[in-house]
Amino acid sequence: MEVVISRMRYLSSQKKERDENSSLRIVGLGASLANAREVAEWMGVPSKSIFNFSPKVRPTPLEIYFQSFDQNNFSSQLMAMAKP
């Protein structure tokens, strides 16, 4: 996401140098984003344009799982993470 947004902002700034009437609109949608305000600030979004909904209004409840891998070396960890 960072690469795409950074590249689009760069292209937008280059286009604005040539044509002052040009603009770029980025619409971002995410299923779960804990730091939506930080991401929006980094993207240059004004605070009045941020819509962050509570998990309570989701039509499908969000389920969070933590999974740990108790492997000693790196290759064993990768193999353990690849298993379904």
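Refer to the structure above for everything that follows.
Only a predicted model underlies this, so the values are computations on that prediction, with no experimental measurement involved.

Conventions adopted
Residues numbered from 1 in each chain as written. Predicted model: local features only at pLDDT ≥ 70, side-chain atom pairs only at ≥ 80, totals over all residues. Heavy atoms only, no water. Helix = DSSP H or I, 4+ residues; strand = E, 2+ residues; numbered from the N terminus. Rg over C-alpha atoms; globule rule 2.2 N^0.38 Å. Buried < 20%, exposed > 50% of the residue type's maximum accessible area, 1.4 Å probe, protein only. Areas by Shrake-Rupley, 256 points an atom, 1.4 Å probe, with all protein chains shown as cover. Lys, Arg positive; Asp, Glu negative; His and termini not counted. Charge placed at Lys NZ, Arg CZ, Asp CG, Glu CD.

Caption draft 1: Focus on the overall build of the protein. Scanning the protein for helices and strands turns up 3 helices and 0 strands. Each helix (α) and strand (β) of the protein, taken in turn from the N terminus, gives the series α-α-α. For a compact globule of 84 residues, the expected C-alpha radius of gyration is about 12 Å, and the protein comes in at 19 Å, more than 25% above that figure. Seen along its three principal axes, the alpha-carbon backbone of the protein occupies a region of about 55 × 35 × 20 Å. Taken across its 84 residues, the protein has 11% of its residues classed as buried. With the model as given, the accessible surface of the protein reaches about 8300 Å², and the carbon-plus-sulfur share is 53%. Each charge class in the protein was averaged separately, 11 positive and 8 negative side chains, and the resulting centres sit 6 Å apart.

Caption draft 2: Up close: the environment of P61. Positionally, P61 belongs in the loop between α2 (36–43) and α3 (74–82). Taking the C-alpha atoms as reference points, P61 and A34, separated by 27 residues in sequence, lie 15 Å from one another.

Read these as layout, nothing more, since geometry by itself doesn't imply function.
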